[in-house]
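Residues per chain, in single letters:
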Amino acid sequence: GPGETRMASRLFVEPDGRVGLLDAISSRLVWFDAAGMPEAGDGHLRLNPDGSGATLTYDARRCAGGYVAAFAVLDMKAGARAFDVALARVPDDGSAAAIIHRVRDRAMSAGGPLADEADSYNFVYNAWDADRAGNVFLAPDRDRPRVVVLPAGGGAPSEFPLVTGRRDRTAA
């Protein structure tokens with residue numbers, strides 16, 4: 001019914017007091033008014049207007065002209081268990097999203113236990129953000145501390161290192 005979700009993954013709070021809730025499984029946006037009542041006309045965050053292209057929506061950020069969203073995308077060329085993570089700009093007008101970054105999701109693609117814990121690192125869970133202008137910031141590598149900036153207007157990405165102290169790993 002109205003306001004139901006299967007796997008809530010992100011809240012959006014608008015200046016007018018409305019609250020949006022992203023359902024990762026259905027990629028549906030459910031909006032509530034300032035009194036907490038569901039609004040009519042839920043939207044969806046999709047790679048393509050017809051709903052094709054993504055298995056689920058991990059997460060999203062609100063920005064000028066729409067959203068930046070992280071999708072799980074089945075790679076049909078690589079086989080039945082090959083998934084990619086794609087960051088895409090999703091316009092408010094319902095047109096097709098534009099993928100701005102795409103990498104293999106090694107953990108989701110494994111189909112079994114992982115041989116290396118590094119393969120479980122997936123930046124979409126906690127190592128990316130977007131500002132209100134739509135610039136995207138991500139830390140794509142676990143073992144290479146840096147931030148990559150994908151500019152809102154397109155163009156070449158830039159990056160800067162994160163200065164961190166060395167942490168020696170212990171034997172298993």
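Quick notes on the rules
- Residues numbered from 1 in each chain as written.
- Predicted model: local features only at pLDDT ≥ 70, side-chain atom pairs only at ≥ 80, totals over all residues.
- Heavy atoms only, no water.
- Salt bridge = Lys/Arg side-chain N within 4 Å of Asp/Glu carboxyl O.
- Helix = DSSP H or I, 4+ residues; strand = E, 2+ residues; numbered from the N terminus.
- Buried < 20%, exposed > 50% of the residue type's maximum accessible area, 1.4 Å probe, protein only.
- Pairing = 2+ DSSP bridges.
- Axes fitted to C-alpha atoms, helices over the stretch in contact; angles between N-to-C directions.
- Core = buried A, V, L, I, M, F, W, Y, C linked by side-chain atoms within 4.5 Å.
- Contact = heavy atoms within 4.5 Å.

A.B. asks: Explanation requested: the pattern of salt bridges in the structure shown.
C.D. replies: If charged atoms from side chains of opposite charge come close, those side chains can pair. Under the definition given, this model contains ten salt bridges. Of the charged contacts in the structure, one is a salt bridge between Asp-129 and Arg-61, with a shortest N-O distance of 2.9 Å. With a gap of 68 residues between them, Asp-129 in strand E9 (residues 128-130) and Arg-61 in strand E5 (residues 56-63) connect regions that are remote in the sequence. Assessed through its relative accessible area of 12%, Arg-61 is described here as buried. What emerges from the salt-bridge pattern is a single network uniting Arg-10, Asp-59, Arg-61 and Asp-129.

A.B. asks: Whenever I open this one, the pairing of strand E2 (residues 19-23) confuses me. Can you help?
C.D. replies: For a regular strand, side-chain orientation follows a simple rule: the groups alternate between the two sheet faces. Extensive coverage of E2 is indicated by the burial of four of its five residues. Judged from the five bridges that link them, strand E1 (residues 8-13) and E2 form a sheet pairing that is antiparallel. The residue bridging Ala-8 from the neighbouring strand is Asp-23, located in E2. The antiparallel pairing of E1 with E2 creates a hairpin that spans five residues between the two strands, and Gly-17 there sits at a positive phi of about 95°.

A.B. asks: What is the right way to read the sheet that holds strand E4 (residues 43-44) from this model?
C.D. replies: Two pairing modes exist for strands in a sheet, parallel and antiparallel, and in both the strands are linked by backbone hydrogen bonds. Overall, antiparallel pairing links the four strands, which are arranged E1-E2-E3-E4 in an open sheet. Only two strands of the sheet have a single neighbouring strand rather than two, namely E1 and E4.

A.B. asks: Can you walk me through the sheet that holds strand E12 (residues 158-161) in this structure?
C.D. replies: With respect to topology, four strands assemble into an open sheet ordered E9-E10-E11-E12, the strand pairing being antiparallel. The open sheet terminates on both sides in strands that have one partner only, identified here as E9 and E12. Between one strand and the next, the sheet's axes are offset by a mean angle of 15°, whatever the strand orientation. As paired elements, strand E10 (residues 136-138) and strand E11 (residues 146-150) share three bridges and run antiparallel to each other. When the sheet's bridge partners are listed, Leu-138 is paired in E11 with Val-148.

A.B. asks: Even after reading the chapter, I still don't get the nonpolar core, so can you show me in this structure?
C.D. replies: Within soluble globular proteins, side chains that are nonpolar generally end up buried alongside one another. Among the nonpolar cores identified, the biggest contains 18 residues, and Leu-87, Phe-123, Trp-128, Val-136 and Leu-138 are the most heavily contacted of them. Every element with two or more residues in this core is listed here: E5, strand E6 (66-74), strand E7 (83-91), E9, E10 and E11. Dropping the residues within four chain positions of it, Phe-123 is found in contact with Val-85, Leu-87, His-101, Val-103, Trp-128, Leu-138, Ala-139 and Pro-140. Among the nonpolar cores identified, the runner-up in size contains 15 residues, and Leu-22, Trp-31, Ala-88 and Val-90 belong to it.

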